[in-house]
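# Architecture and fold: a report
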Amino acid sequence: MIDENPQLAHQHALAASRSAGRVGVVRETVAITAYAVGDFALALRELRTHRRITGSDEQLPLIVDSERGVGRPDRALEEGRAVDRSSLSVPVRVQLAIAMSGARLDLGQTDRALQELEIPEADPDRAFEWSPALFSARAAVLEELGRSDEAAEWERRADIAADALDAAAGVADREVIVVEEIELIDDEGGVDVASGVIPLEEDDAAVESADDDAREPHDEDVTEGDGDDRADGVEAAETVVEADVEEDGR
């Protein structure tokens, strides 16, 4: 719910913390939802608790940003410098660079804000999950420096990266597939539910032809007295089945 209703998501996270307050992921979720609703002080407290429980620095960028949120950009920079960045995963390292750059902007250190973003992952010719946010952050700093043309180019790169990632994930060209549940009766009378994919298009002519064949009897199959013959045949077949069941004990 965090994207559509962060306040309600936060309430759910708080409810979870009352039942499982010693679970790291619960405290992490409280922190993330608190950040989403703008309660940066609570986010900081919960993030530190999460780090103490798990020993993980994966939420360090959020700690830095939360320090900025409570008006302490100097403290934010200290938090970011206290950890060896080479020990972080690449996405976390990129997010930390963006947060540190933001703290520099808060302090009016625009040139140093750009330096924070001078990282190997800022490759304009390649798109990764972190690229759109990183390119947009660089564009914002360049705009602050008055380098509007460069800023526009990096914003364009951000859009290209986002489109490329969407295309790779299939977002740009999705097909709608209708799936229905089909009940399958097994040999022992049990019922299983299986998923069946319904074709998006059918050959209308073939369907109509099949329907006509099903509705119209064939001359060679229907003659006078056939109804009685079929009834006799069904009774005979049932007798044979019953005999087989009794004989096999099934």
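None of these values were measured; they are calculated from a predicted model.

The rules behind these values
Residues numbered from 1 in each chain as written. Predicted model: local features only at pLDDT ≥ 70, side-chain atom pairs only at ≥ 80, totals over all residues. Heavy atoms only, no water. Core = buried A, V, L, I, M, F, W, Y, C linked by side-chain atoms within 4.5 Å. Buried < 20%, exposed > 50% of the residue type's maximum accessible area, 1.4 Å probe, protein only. Helix = DSSP H or I, 4+ residues; strand = E, 2+ residues; numbered from the N terminus. Contact = heavy atoms within 4.5 Å. Axes fitted to C-alpha atoms, helices over the stretch in contact; angles between N-to-C directions. Parallel < 35°, antiparallel > 145°, perpendicular 65-115°, else oblique. Left-handed = near helix turned anticlockwise from the far one by under 90°. Nonpolar A, V, L, I, M, F, W, Y, C, P; charged D, E, K, R; others polar. Salt bridge = Lys/Arg side-chain N within 4 Å of Asp/Glu carboxyl O. 1 Å grid on protein atoms, 1.4 Å probe; cavity = no way out; pocket = protein on both sides within 12 Å on 5 of 7 lines; lining within 4 Å. Points joined across faces, edges and corners; volume = space filled by probe spheres on them. Expected span 1.5 Å × (residues − 1).

Judged by nonpolar contacts, the single largest core of 18 residues is most densely connected at Ile119, Leu134 and Phe135. For this core, the elements supplying multiple residues, two or more each, are helix H6 (90-106), helix H7 (110-116), helix H8 (131-144) and helix H9 (148-168). Of the residues forming this core, the biggest block, 6 residues, is contributed by H8. Excluding residues that lie within four positions of it along the chain, Leu134 makes contacts with Val94, Ile98, Leu117, Ile119, Glu121 and Ala122.

So, about helix H4 (residues 60-69). Most of H4 sits out of view: 7 of its 10 residues are buried. Packing partners of the buried residues in H4 comprise helix H2 (24-36), helix H3 (40-54), helix H5 (73-81) and H6. After H4 finishes, the residue Gly71 shows a positive phi value of roughly 85°.

The relative placement of two packed helices comes down to the angle between their axes together with the axis-to-axis distance. Axis separation between helix H1 (residues 6-19) and H2 bottoms out at 9 Å; the angle between their running directions is 155°. As summarised for this structure, H1 and H2 are arranged roughly antiparallel, according to the angle between their axes. Crossing geometry of H1 relative to H2 is assigned as left-handed. Each of Pro6, Ala9, His10, Ala13, Leu14, Ala16 and Ser17 in H1 lies in contact with H2, whose residues at this interface are Val26, Thr29, Val30, Thr33, Ala34 and Ala36. Looking at the contact of H1 with H2 residue by residue, the classes come out as 9 nonpolar, 4 polar and no charged.

Turning our eyes to something else, we now look at the pattern of salt bridges. Using the criterion set out here, one finds 20 salt bridges in the structure. The partner of Glu46 in a salt bridge is Arg45, with the nearest N and O atoms 3.3 Å apart. With its nearest N and O atoms 2.9 Å apart, the salt bridge here joins Arg156 to Glu153. Taken together, the residues span about one helical turn, with Arg156 and Glu153 both in helix H9 at a distance of 3 residues. Residue Glu153 is classed as partly exposed on the basis of its relative accessible area, which comes to 31%. Residues participating in the shared-partner salt-bridge network are Arg48, Arg51, Asp57, Glu67, Arg72, Arg75, Glu78 and Glu79.

Let's shift gears to the layout of surface pockets. There is about 150 Å³ of room inside the largest pocket. Lining the largest pocket we find Glu58, Gln59, Pro61, Leu62, Asp65, Arg68, Gln95, Ile98 and Ala99. Only H4 and H6 provide two or more residues apiece to the lining of the largest pocket. Looking at which element gives the most residues to the lining of the largest pocket, the answer is H4, with 4 residues. Residue composition of the lining of the largest pocket, grouped by class: 4 nonpolar, 2 polar and 3 charged.

Before going further, it helps to examine H8. The terminal C-alpha atoms of H8 lie 20 Å apart, and with 14 residues this matches the ideal 20 Å at 1.5 Å per residue to within 8%. Along H8, the residues that are buried comprise Ser131, Pro132, Leu134, Phe135, Ala137, Arg138, Ala139, Val141 and Leu142. Contacts made by the buried residues of H8 are with H6, H7 and H9. Taken from the residues just after H8, Gly146 is the one with a positive phi, measuring 85°.

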